[in-house]
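Next come the chains, spelled out residue by residue.
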Amino acid sequence: MLKTIEGIYQDGQIQFAELPQDVSDRSQVLVTFLDPGKIDAVKLRQLMEQLETIEGIQQGFEELNSGQTRPIGDFVREMQQKYGISG
């Protein structure tokens, strides 16, 4: 699982802007320090969106590997019926 949370590093500690949800105790983390004078808000938002995309892809692989998927033919038939598409 990837989760990005903003925070401030001060006096040797990190203070989160919000408390992380659905994170187990003693979870492994990566911390990236940003230079306040060089933060581009647009690029930062893009990076956060990319991390969320990676998390979605990772979740898809986990579902695939654990057998939580269905045959593509079933999906295609369902979409054809739902949207009136002839196949």
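Below: a short report on this structure. This structure is a prediction, so every number in the text was calculated from the model and none was measured.

Turning our eyes to something else, we now look at the overall build of the chain. Broken down by element type, the chain carries two helices and two strands. The N-to-C order of helical and strand elements in the chain reads β-β-α-α. In summary, the chain has a C-alpha radius of gyration of 20 Å against a globular reference of 12 Å for 87 residues, an excess of more than 25%. Across its three principal directions, the C-alpha atoms of the chain cover 65 × 30 × 20 Å.

Turning to its location among the elements, Lys43 is positioned in helix α1 (residues 41–65). Classification of Lys43 as exposed rests on a relative accessible area of 55%.

As a further point, take the pattern of salt bridges. A complete count under the given rule lists four salt bridges for this structure. Three or more residues are tied together by salt bridges with common partners; here these are Arg45, Glu49 and Glu52.

This part is about the packing of aromatic side chains. Inspection of the entire model under this criterion finds one aromatic pair. Ring centres 5.2 Å apart and planes at 90° place the aromatic pair Tyr9 and Phe33 in the edge-to-face group. One end of the pair, Tyr9, is in strand β1 (residues 7–10); the other, Phe33, is in the loop between β2 (13–16) and α1, and 24 residues separate them in sequence. Overall, the relative accessible area of 56% leaves Phe33 in the exposed class.

In a regular helix each residue adds 1.5 Å, so twelve residues correspond to 16 Å; helix α2 (residues 72–83) covers 16 Å between its end C-alpha atoms and thus fits that length. At the exit of α2 stands Gly84, carrying a positive phi of roughly 65°.

Cut-offs and rules
- Residues numbered from 1 in each chain as written.
- Predicted model: local features only at pLDDT ≥ 70, side-chain atom pairs only at ≥ 80, totals over all residues.
- Heavy atoms only, no water.
- Helix = DSSP H or I, 4+ residues; strand = E, 2+ residues; numbered from the N terminus.
- Rg over C-alpha atoms; globule rule 2.2 N^0.38 Å.
- Buried < 20%, exposed > 50% of the residue type's maximum accessible area, 1.4 Å probe, protein only.
- Salt bridge = Lys/Arg side-chain N within 4 Å of Asp/Glu carboxyl O.
- Phe/Tyr/Trp six-rings, centres within 6.5 Å; stacked < 30°, edge-to-face > 60°.
- Expected span 1.5 Å × (residues − 1).

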